[in-house]
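Summary of structural features
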Amino acid sequence: MSDNHHKVIIIGSGPAGFTAALYTGRANLNPVIFEGMQPGGQLTITTEVENFPGFENGIQGPALMDVMRKQAERFGAKSIYKEVTEVDFSKRPFTIKSYDEVYTADAVIISTGASAKLLGIESESKYMGYGVSACATCDGFFFKNQKVIVVGGGDTAMEEANFLTKFASEVIVIHRRDEFRASKIMFDRVLKNPKVKLVTSKIIKEVLGKEENGRKTMTGVILEDTKDHSIQELQADGLFMAIGHKPNTDIFKNILDMDETGYLKVKPGTTHTNIDGVFAAGDVTDKVYRQAITAAGSGCMAAIDAERWLEM
Ligand SMILES: Cc1cc2nc3c(=O)[nH]c(=O)nc-3n(C[C@H](O)[C@H](O)[C@H](O)COP(=O)(O)OP(=O)(O)OC[C@H]3O[C@@H](n4cnc5c(N)ncnc54)[C@H](O)[C@@H]3O)c2cc1C
C-alpha cells in the first residue's frame, strides 16, 4: 500500500471528527483527518462556549477546538489541511481525493458538519460571536434582559424566537416577505408571546457595532423595506440567524443515502451509512440537536463502529 493509504480517514475536523480521531487513535488505527476549509469546524467562529462539559468557567470556541486537536494528536492522529473534493466508495479500499491527490482508506468517517445559512454581508461576519449568532440554544443565555433580533420566517425562526424570550426582554422577528412560511402551530405560539414582535418586508442591510478597549459589540442593524426601499435603524444587542442550515454533503450526492434536505442517513442508533465501512457523525447527520457535545458523542460512536467493523 502507498503512503497515502490509511486504515481510517476522517473527513471534517469539528467536535465529531476530533472525537472520532481521539478514539480511533487510542485504538491504534492511526487516523488521518482532512480538516477542510474550516479547520476546527463551526466553533471556531464563535467566542464563549459555556455548555461543553468539563470547562467550569467556559472556554473560547477556537481554544476548545485546539485542545481537541492536540488531544487526538497525542494518540497518533494526523491532520491534513486540505478539502476532500471527490470520493469513490464503490470499491475497497475507498478512494478519497483532494483535487489531484489520491488517498485510500479501509474505513471512512464522515463528519463534514452543516453550515448555518448567513446573510452574506461583511458586517455580519465582523460581529459573529460579538452579538451575531446562528445558534439560540448556544448563545441565548448571554442575552438576559436584552433586546434581540431573529431573522427568518420558518419554523426554526419561530422556535428560536420563542426560546429566546426565556432570556431576552424583547425579541423582534425580521422577515423579508409579508407572509410567514412557519407552520400554524409555531406561528400561533409566537403571536401569543407578548415578548415577540413581528416585522415583515424588511431585509438587513448592515449590522452596526462599536469597538471599545479592543472588544467588539453589536449595537443594532440597518433595515431596508423591500417594498418602498426606505431605510431605518434598529437598536438591538443580539442578532440570531434562523434562515436554515446546509449540510456539507455535496460530494456524497448519488453515493450515500441522504434525506430530502441533504442530511446523511445512518442506521438508527448507529453511525453506519448505507455503505459498509463508511460511517457518519455529527451535524452532517443531525438536524435536531446541532450541539458540540452531541456531535462529539456521535464521533465517539463512529470510531467504535469503525473499529468493530474493521475487526470483522
Ligand atoms: C456561531 C455558532 C456558535 C455555536 N455555539 C455553540 C455552543 O456554544 N455550544 C454548542 O454545543 N454548540 C455550538 N454551536 C454548534 C456547534 O458548533 C456544532 O453543533 C458542532 O460544531 C458540530 O460539529 P461537527 O463536528 O458535526 O461539524 P462542524 O463543526 O460543522 O465541522 C465540520 C468540519 O467539516 C469540514 N469539512 C466540510 N466539508 C469538507 C470537505 N469537503 N473536506 C474536508 N473537510 C470538510 C470543515 O472544514 C469542518 O472542519 C455553535 C454553532 C455556531 C455556528
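Anything mentioned here points back to the structure above.
Residues numbered from 1 in each chain as written. Predicted model: local features only at pLDDT ≥ 70, side-chain atom pairs only at ≥ 80, totals over all residues. Heavy atoms only, no water.

1. Considerations on the sheet that holds strand S14 (residues 202-212)
Keep this limit in mind: For two strands to pair, DSSP has to find at least two bridges joining them. The helix count covers DSSP runs of H or I at least four residues long, the strand count covers runs of E at least two residues long, and both are numbered beginning at the N terminus. Axis definition: a line fit to C-alpha positions, over the contact stretch in the case of helices; interaxial angles, taken between N-to-C directions, run 0 to 180 degrees.
Strand order in the open sheet formed by three strands is S14-S15-S16, with antiparallel pairing between adjacent strands. Unpaired on one side and paired on the other, S14 and strand S16 (231-235) mark the two borders of the sheet. The mean angle between the axes of side-by-side strands here comes to 30 degrees, regardless of whether they run parallel or antiparallel. Of the pairings in the sheet, the one linking S14 to strand S15 (residues 215-225) comprises 10 bridges and is antiparallel in character. Within the sheet, the bridge partner assigned to Ile204 lies in S15 and is Leu223.

2. Description of the site of the ligand
Defined as follows: The criterion for a residue being near a molecule or strand is simple. One of its heavy atoms has to lie within 4 Å of it. As used in this structure description, the phrase polar contact means that two N or O atoms lie within 3.5 Å; if the pair is within protein, one of them must be able to donate a hydrogen and the other to accept it, and residues adjacent in sequence are counted only when both atoms belong to side chains. Working definition of accessibility: Shrake-Rupley area with a 1.4 Å probe, residue cover restricted to the visible protein chains. Side-chain classes are defined by residue name, with Ala, Val, Leu, Ile, Met, Phe, Trp, Tyr, Cys and Pro counting as nonpolar, Asp, Glu, Lys and Arg as charged, and the others, Gly among them, as polar. Boundaries of every domain are those given by an automatic assignment or by a domain database.
Around the ligand, 33 residues are found, and the nearest of them are Ser13, Glu35, Gln42, Asn51 and Asp283. Between an oxygen atom of the ligand and a main-chain N or O atom of Met37, the distance comes to 3.4 Å. Starting from 1000 Å² of accessible surface for the ligand in isolation, the protein chains cover 97%. Where the shell around the ligand is concerned, the elements lending two or more residues are helix H1 (15-26), helix H4 (136-139) and helix H7 (292-311). Its residues placed into classes, the shell around the ligand shows 14 nonpolar, 14 polar and five charged. Two domains share the shell around the ligand, each providing at least three of its residues, namely domain 1 (5-115 + 245-311) and domain 2 (118-241).

3. Regarding the sheet that holds strand S11 (residues 147-151)
Operational definition: Pairs of residues are marked as contacts when any of their non-hydrogen atoms sit within 4.5 Å.
Strand order in the open sheet formed by five strands is S10-S17-S11-S12-S13, with parallel pairing between adjacent strands. Two strands close off the open sheet at either side, each with one partner strand: strand S10 (132-133) and strand S13 (196-199). As paired strands, S11 and strand S17 (residues 238-241) are joined by four bridges and run parallel to one another. Bridge pairing in S17 places Ile149 opposite Leu239. Its contacts with the sheet put helix H5 (residues 155-164) on S11, strand S12 (170-174), S13 and S17, and the angle it makes with S11 is roughly 170 degrees.

In short, shape yes, function no, at least from these values alone.
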